[in-house]
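Residue-level listing of the chains:
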Amino acid sequence: MKIALFGRLFNESFTDSFKLMFDEFAKRNVEVDIYEPFYDFLIREINFKPPVNGYYKGCDDLNKDVDFVFSIGGDGTFLEAVTIVRDSGIPIVGINSGRLGFMADIAQDEIPQALSDIFERNYTIEERSLLQLETSKNGLFPEFNYALNEFTVHKTDTASMITIHTYLNNEYLNSYWADGLIIATPTGSTAYSLSVGGPILIPNTQNFIISPISPHNLTVRPIVVPNYHEITLKVEGRSDSYLASLDSRSCTFDSSIELKIKKSDFKIRVLKLKTHSFYGTLRNKLMWGVDKRN
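Since this is a predicted model, take the numbers as computed values, not measurements. (Residues numbered from 1 in each chain as written. Predicted model: local features only at pLDDT ≥ 70, side-chain atom pairs only at ≥ 80, totals over all residues. Heavy atoms only, no water.)

A word on the sheet that holds strand E16 (residues 249-253). Strand order in the open sheet formed by six strands is E13-E12-E11-E8-E15-E16, and the pairing between neighbours is antiparallel. Single-partner strands in this sheet number two, and they are strand E13 (223-226) and E16. Mean inter-strand twist for the sheet, computed between neighbouring axes without regard to direction, equals 20°. Where strand E8 (residues 150-155) and strand E11 (residues 180-184) come together, five bridges link them in antiparallel fashion. (Pairing = 2+ DSSP bridges. Helix = DSSP H or I, 4+ residues; strand = E, 2+ residues; numbered from the N terminus. Axes fitted to C-alpha atoms, helices over the stretch in contact; angles between N-to-C directions.)

Following this line, the structure appears as structure tokens:
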């Protein structure tokens, strides 16, 4: 088996679990490539020099023959791993070095059994849809104009709201007077969109969520639309520039740029243990069914 490790950093409390992973890799003769900045962190901060076969710095030099990309961190690290894997079809394994995540859902105490299940091929592969951003001019994210969680448009100052004119397949839907607007995928329904009152969607549903951020009109609510619709946004306001975000990546743009969001033509493949389920993660993460009364 060949794998690639991706990460940024982790707390010292995760060190023993990380070293245990390499012990298991050695027992199984697993070939390991590692993200070079992560390797430098391990040597500099953890004082651990893991035995690896090779290094990569980005998507261009990632070995496309690896069986999995292991993302070491939280959901934010997982989203960064997506920018490395892209449309290669390599499944991502989310190892959580902190608290339980929705995507990085293999907890620290589960690692030994999880690795055993992976080596024994006792898992499933889920496919997660992404959204793609296109602009009328001056591409805003030339390196990677896709998002697994969401696209968001924000105001860039605290002075006044912005107006986001929104169209579905060129049919006018609404003009949102708000601090911003979120277009979320089913995977992103448990992220930023959830925090502004958006609904939770099951990962394999074929939808987008349009969720306003602090809308001026209280009658405006999040809406779920099919992801085969193309969403067009035209933004105006008192400011000269606005902020666009794809997951954790952001840039500014002006009102002359028209934004189009549609379903991407490829999916991200995610490894899921058979002992895990989306509903179980919801209960654990959101503490559903837990009675905190004294």
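Turning to empty space enclosed by the protein, a few remarks are in order. The rolling of a water-molecule-sized probe over the atoms marks out the regions of remaining empty space. Counted under the stated rule, the structure contains one cavity of 30 Å³ or more. Here the largest cavity defines a volume of roughly 50 Å³. Forming the walls of the largest cavity are Phe102, Arg128, Pro186, Thr187, Thr190, Pro203 and Phe278. Residues that form the lining of the largest cavity fall into these classes: four nonpolar, two polar and one charged. (1 Å grid on protein atoms, 1.4 Å probe; cavity = no way out; pocket = protein on both sides within 12 Å on 5 of 7 lines; lining within 4 Å. Points joined across faces, edges and corners; volume = space filled by probe spheres on them. Nonpolar A, V, L, I, M, F, W, Y, C, P; charged D, E, K, R; others polar.)

This part takes up the nonpolar core. One finds Leu5, Phe18, Met21, Phe25, Phe70 and Ile72 to be the most contacted residues of the largest nonpolar core, which totals 54 residues. Of the residues forming this core, the biggest block, six residues, is contributed by helix H3 (residues 75-85). Non-local contacts of Phe25, meaning those with residues more than four positions away in its chain, are made with Ile3, Val30, Val32, Phe70, Leu115 and Phe119. Counting residues in hydrophobic clusters, the runner-up holds 28 residues, among them Val153, Ile164, Ala244 and Leu246. (Core = buried A, V, L, I, M, F, W, Y, C linked by side-chain atoms within 4.5 Å. Buried < 20%, exposed > 50% of the residue type's maximum accessible area, 1.4 Å probe, protein only. Contact = heavy atoms within 4.5 Å.)

What follows is about H3. Given 3.6 residues per helical turn, the α-helix brings residues three or four places apart onto the same face. For H3, a buried count of eight out of eleven residues is recorded, marking the element as mostly surrounded by other parts of the structure. Phi turns positive, to about 55°, at Arg86, one or two residues after H3.

What follows is about the side chain of Ser160. The topology assignment puts Ser160 in the loop between E8 and strand E9 (162-168). In this structure Ser160 touches Lys155 and Arg238, once residues within four positions along its chain are discounted.

Attention shifts here to the packing of aromatic side chains. This model, assessed by the stated rule, comprises 21 aromatic pairs. Considering the side-chain rings of Phe10 and Phe14, the 5.1 Å spacing of their centres and the 70° angle between planes classify their relative orientation as edge-to-face. The buried category is assigned to Phe10, whose relative accessible area is 7%. A cation over an aromatic ring shows up here: Lys234 above the ring of Tyr167, its NZ or CZ 5.0 Å from the ring centre. (Phe/Tyr/Trp six-rings, centres within 6.5 Å; stacked < 30°, edge-to-face > 60°. Lys NZ or Arg CZ within 6 Å of the ring centre and 35° of its normal.)

Moving on: the layout of surface pockets. Estimated volume of the largest pocket: approximately 210 Å³. Taken together, 15 residues make up the lining of the largest pocket; nearest its centre are Glu126, Arg128, Pro203, Ser277 and Phe278. When residues of the lining of the largest pocket are traced back to their parent elements, those giving at least two are strand E6 (123-135), strand E17 (259-273) and helix H6 (278-286). Estimated volume of the second largest pocket: approximately 160 Å³. Lining the second largest pocket are 14 residues, and of these Leu79, Asn149, Glu150, Ala191 and Tyr192 sit closest to its centre. At the level of elements, H3 and E8 are the ones that each hand at least two residues to the lining of the second largest pocket.

Note that His229 resides in the loop between E13 and strand E14 (231-236). In this structure His229 touches Leu168, Asn169, Phe208, Ile261 and Lys262, once residues within four positions along its chain are discounted. Among the polar contacts made by the side chain of His229, one reaches the side chain of Asn169 at a distance of 3.2 Å. (Polar contact = N/O pair within 3.5 Å; in protein donor to acceptor, adjacent residues only side chain to side chain.)

With that settled, the discussion passes to unusual backbone geometry. Phi at Arg121 takes a positive value of approximately 60°, unusual for a residue other than glycine. With a relative accessible area of 56%, Arg121 lands in the exposed category.

What follows covers the pattern of salt bridges. Enumeration according to the criterion identifies eleven salt bridges in this entry. A salt bridge links Glu126 to Arg128, with the nearest nitrogen and oxygen atoms 3.0 Å apart. Arg128 sits in the buried class, given a relative accessible area of 6%. One salt bridge in this structure joins Asp179 and Lys155, with 3.2 Å as the shortest N-O distance. (Salt bridge = Lys/Arg side-chain N within 4 Å of Asp/Glu carboxyl O.)

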